[in-house]
Amino acid sequence: MEKILRDKILAVTRRGSTRQQALDFFRVALGLVYLDGIMTDEQLDFKKLDGGVNRFIYQSLGPGHSITSILQFMSGAKVLRTLNSQRFMLAFSQYCNEVPLERIPDLLAVNLAVGKQISQLPQDGPVLEWIRQQKGAPAPPQAQTDDGP
């Protein structure tokens, strides 16, 4: 992973106002930069790519984290704290401007689709709803109940 990208992600991380918020900012910034980077027609050496990313994660956070755990975090409801944070969005747009903010829903959708394919679990949930809201798509119809008078 290039030093300039690492420095940009760390700059976003430093904008977190608490330790937990900084950790979440790191996870989401890195996850978005990673997902944007793999969206290419070029052939990628994922072993080499993930090795470099995981080394950066280890150096920044210590043991217990990996690109896999970051991508899993990005498909869960806790990611919404960061995605709905004006502080994060401002920092991310300022430091990681190679990933346009309007592309974030598409990157998250790809992450959810891959996660669904791997886990065989449905991808419905709060992150998918957030993606739909960002794209202005209508929510799926809710099951109607016949509660009667």
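Here's what I pulled together on the structure shown here. Computed from a predicted model, the values in this text were never measured in an experiment.

**Description of the overall build of the protein chain**
Helix and strand counts for the protein chain stand at 8 helices and 0 strands. Across the protein chain, helices and strands are ordered from the amino to the carboxyl terminus as α-α-α-α-α-α-α-α. Residues counted as buried form 35% of the 149 residues belonging to the protein chain. A sequence separation of at least 24 residues applies to 65% of the contacts in the protein chain between residues at least 6 apart. When the accessible surface of the protein chain is split by element, carbon and sulfur atoms take 51% of a total near 9,400 Å².

**Comments concerning the pattern of salt bridges**
The final tally for this structure, using the stated rule, is 6 salt bridges. Measuring nitrogen to oxygen at the nearest pair gives 2.6 Å for the salt bridge that ties Asp-106 to Lys-135. Of this pair, Asp-106 sits in helix H7 (residues 104–119) while Lys-135 sits in helix H8 (residues 126–135), and the two are 29 residues apart along the sequence. Judged by its relative accessible area of 36%, Asp-106 falls in the partly exposed class. Salt bridges sharing partners connect three or more residues here, namely Asp-24, Arg-27 and Arg-81.

**Details of the packing of aromatic side chains**
Two aromatic rings, taken as a pair, are described by how far apart their centres are and by the angle between their planes. As enumerated under the stated definition, the model contains 3 aromatic pairs in all. Measuring from centroid to centroid gives 5.4 Å for Phe-88 and Phe-92, while their planes differ by 20°, and the two rings are stacked. Placement of both Phe-88 and Phe-92 in helix H6 (residues 86–95) is noted, with a separation of 4 residues, approximately one turn of the helix. We note that Phe-88, like Phe-92, is buried.

So, how was this worked out
Residues numbered from 1 in each chain as written. Predicted model: local features only at pLDDT ≥ 70, side-chain atom pairs only at ≥ 80, totals over all residues. Heavy atoms only, no water. Helix = DSSP H or I, 4+ residues; strand = E, 2+ residues; numbered from the N terminus. Buried < 20%, exposed > 50% of the residue type's maximum accessible area, 1.4 Å probe, protein only. Contact = heavy atoms within 4.5 Å. Areas by Shrake-Rupley, 256 points an atom, 1.4 Å probe, with all protein chains shown as cover. Salt bridge = Lys/Arg side-chain N within 4 Å of Asp/Glu carboxyl O. Phe/Tyr/Trp six-rings, centres within 6.5 Å; stacked < 30°, edge-to-face > 60°.

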